[in-house]
Amino acid sequence: MNVIQRLSKVNKYIRQFSVDGIRPVVVTRSGDAVTKLARLAGDQLLVARPELSVDGDVDCMRPRVTLAFFAIAKIDGPSLTEEVENNTYDRLEVLIDKILAQFAEDITGAECPLLRGMDLVAVDVVPESGIFGGWSGYSIEISLE
């Protein structure tokens, strides 16, 4: 599979991705996220369009596609208590687990031709607060080779 085909397949994959009936909001830059999330409520998945990097030389190129998912909820404002915050992060951790399980299943299973031939090589999960106009939760960086 050539380098750009990997990027193209991952782009197609994220547009059809769904966990617990939640389809991700796909954005290119953070300003897009603020605009698209402004009319939404509840738990949301946001995904930045994937990035492609290539290591190695012409004879041995190793492409890596990196995705940034955000499992987020709007919890700012006067109703924010420590209990609400803790419950929200706990709930979003369950969503993250489901996202990663879905990736693992789609990479190893025969039912997802878009990720066939790729490996999940790195995952970083970071708590976030007040992003995209007041949303909080976790960012999940996923790297595929």
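Preceding block: the structure.
Residues numbered from 1 in each chain as written. Predicted model: local features only at pLDDT ≥ 70, side-chain atom pairs only at ≥ 80, totals over all residues. Heavy atoms only, no water.

1. Side note on the overall build of the protein
- Along the backbone of the protein there are three helices and five strands.
- Ordering the α and β elements of the protein from the N terminus gives α-β-α-β-β-α-β-β.
- Over its C-alpha trace the protein gives a radius of gyration of 16 Å, about what one expects of a compact globule, namely 15 Å for 145 residues.
- With respect to the principal axes defined by its C-alpha atoms, the protein has extents near 60 × 30 × 25 Å.
- The buried share among the 145 residues of the protein stands at 39%.
- Taking as baseline every contact in the protein between residues at least 6 positions apart, the subset at least 24 positions apart corresponds to 61%.
- Considering the protein, the positive charge centre built from 15 side chains and the negative charge centre built from 22 side chains are found 11 Å apart. (Helix = DSSP H or I, 4+ residues; strand = E, 2+ residues; numbered from the N terminus. Rg over C-alpha atoms; globule rule 2.2 N^0.38 Å. Buried < 20%, exposed > 50% of the residue type's maximum accessible area, 1.4 Å probe, protein only. Contact = heavy atoms within 4.5 Å. Lys, Arg positive; Asp, Glu negative; His and termini not counted. Charge placed at Lys NZ, Arg CZ, Asp CG, Glu CD.)

2. Observations concerning the packing of aromatic side chains
- The final tally for this structure, using the stated rule, is seven aromatic pairs.
- Members of the aromatic cluster, connected to one another through ring pairs, are Tyr 13, Phe 17, Phe 69 and Phe 103. (Phe/Tyr/Trp six-rings, centres within 6.5 Å; stacked < 30°, edge-to-face > 60°.)

3. Structural notes on the environment of Gln 102
- Turning to its location among the elements, Gln 102 is positioned in helix α3 (residues 82–108).
- When the C-alpha positions of Gln 102 and Ser 18 are compared, they lie 8.8 Å apart, and in sequence the two are 84 residues distant.
- Non-local contacts of Gln 102, meaning those with residues more than four positions away in its chain, are made with Tyr 13, Phe 17, Ser 18 and Val 19.

4. Some points on unusual backbone geometry
- Phi is positive for Asp 20, close to 55°, though the residue is something other than glycine.
- Relative to the helices and strands, Asp 20 is located in the loop between α1 (3–16) and β1 (25–27).
- Phi angles above zero are rare outside glycine, and Phe 132 is one such case at about 55°.
- Checked against the element boundaries, Phe 132 lands in the loop between β4 (120–131) and β5 (135–144).

5. Examining the side chain of Gln 44
- Here Gln 44 shows up in strand β2 (residues 44–57).
- On the accessibility criterion, Gln 44 (11% relative accessible area) is buried.
- Reaching out from Gln 44, the side chain makes a polar contact with the backbone oxygen of Ala 41 at a distance of 2.7 Å.
- Every residue in contact with Gln 44, bar those within four places of it in the chain, is listed here: Ile 22, Val 25, Leu 37, Phe 70, Ala 71, Ile 72 and Trp 135. (Polar contact = N/O pair within 3.5 Å; in protein donor to acceptor, adjacent residues only side chain to side chain.)

6. Regarding a nonpolar patch on the surface
- Together, Leu 120, Val 123 and Val 125 make up an exposed nonpolar region whose accessible area comes to about 190 Å².
- Relative to the elements of secondary structure, Leu 120 occurs in strand β4. (Patch = residues over 30% accessible without salt bridge, like charges linked within 9 Å, V, L, I, M, F, W, Y side chains within 5 Å. Areas by Shrake-Rupley, 256 points an atom, 1.4 Å probe, with all protein chains shown as cover. Salt bridge = Lys/Arg side-chain N within 4 Å of Asp/Glu carboxyl O.)

7. Topic: the nonpolar core
- By size, the foremost hydrophobic cluster in this structure holds 31 residues, and its most contacted members are Phe 103, Leu 115 and Leu 144.
- Elements with a minimum of two residues in this core: α1, β2, β3 (60–74), α3 and β5.
- With seven residues, α3 is the single largest residue contributor to this core.
- Ignoring any residue separated from it by four or fewer positions in sequence, one finds Leu 144 in contact with Val 10, Pro 63, Arg 64, Val 65, Leu 67, Phe 103, Ile 107, Leu 115, Met 118, Asp 119, Leu 120 and Val 121.
- If you look at the next biggest cluster of nonpolar residues, it comprises ten residues, including Val 25, Ala 33, Phe 70 and Ile 131. (Core = buried A, V, L, I, M, F, W, Y, C linked by side-chain atoms within 4.5 Å.)

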